[in-house]
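Architecture at a glance
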Amino acid sequence: MSDREFGGNDDLSLPKATVGKIISEILQSDPGVTFAKDTRDLLIECCVEFITLISSEANEIAEKEAKKTIACEHVKAALEELDFGNYVPAILEVAADYKKQQASREKKQTKIEQSGMTEEELIRQQQELFRSATDKFNAAPQ
């Protein structure tokens, strides 16, 4: 898989600070170990390449099924196809946690719901504002 297939990886990256925090959390158990910045950058490049590889394979699998959206099962199949099957249980666990989190998340109220007014009241208020704006426009010296 070459960079030319994807238009080059120049614009693809991961946030250095976030990767640094992940590395720090992992190395916390061994305080004598440090991680050089150039090593962090190399790790980021490897992660981007891994993500590109998996997403490309998942996209091919989705296209074979005539799907326009890459779903969890396509990523699972891509991991297995590329001999990364040992990651599948962890990925499925994270996906299940995410679904559960999304289901229990409070639905955000729309501005209309937040106003506490009925639809009729809002329409009446809107019409009054339009009328007021029209009157101001017509009253302005031409």
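It should be emphasised that the depicted structure is a prediction, and the values quoted were computed from it without experimental measurement.

Criteria and thresholds
Residues numbered from 1 in each chain as written. Predicted model: local features only at pLDDT ≥ 70, side-chain atom pairs only at ≥ 80, totals over all residues. Heavy atoms only, no water. Phe/Tyr/Trp six-rings, centres within 6.5 Å; stacked < 30°, edge-to-face > 60°. Helix = DSSP H or I, 4+ residues; strand = E, 2+ residues; numbered from the N terminus. Buried < 20%, exposed > 50% of the residue type's maximum accessible area, 1.4 Å probe, protein only. Core = buried A, V, L, I, M, F, W, Y, C linked by side-chain atoms within 4.5 Å. Contact = heavy atoms within 4.5 Å.

Inspection of the entire model under this criterion finds three aromatic pairs. Ring plane angle 85° and centroid distance 5.1 Å describe the contact between Phe 50 and Phe 84, whose orientation is recorded as edge-to-face. Here Phe 84 lies in the loop between α3 (72-81) and α4 (88-104) and Phe 50 lies in helix α2 (residues 37-64), a separation of 34 residues in the sequence. The exposure class of Phe 84 is partly exposed, given its relative accessible area of 23%. With a centroid separation of 5.9 Å and an interplanar angle of 50°, the aromatic rings of Phe 84 and Tyr 87 are classed as tilted. Ring-pair connections join several aromatic residues into one group, and the members of that group are Phe 50, Phe 84 and Tyr 87.

The nonpolar side chains of a soluble globular protein tend to be buried, and buried together. Ile 54, Ala 58, Ile 61, Ala 78, Leu 79 and Val 88 together form the largest nonpolar core, which totals six residues. Put simply, the parts of the chain that give this core at least two residues each are α2 and α3. For this core, the element with the highest residue contribution is α2, accounting for three residues. Other than its neighbours up to four places away in sequence, Ile 54 contacts Val 75, Ala 78, Leu 79, Leu 82 and Phe 84.

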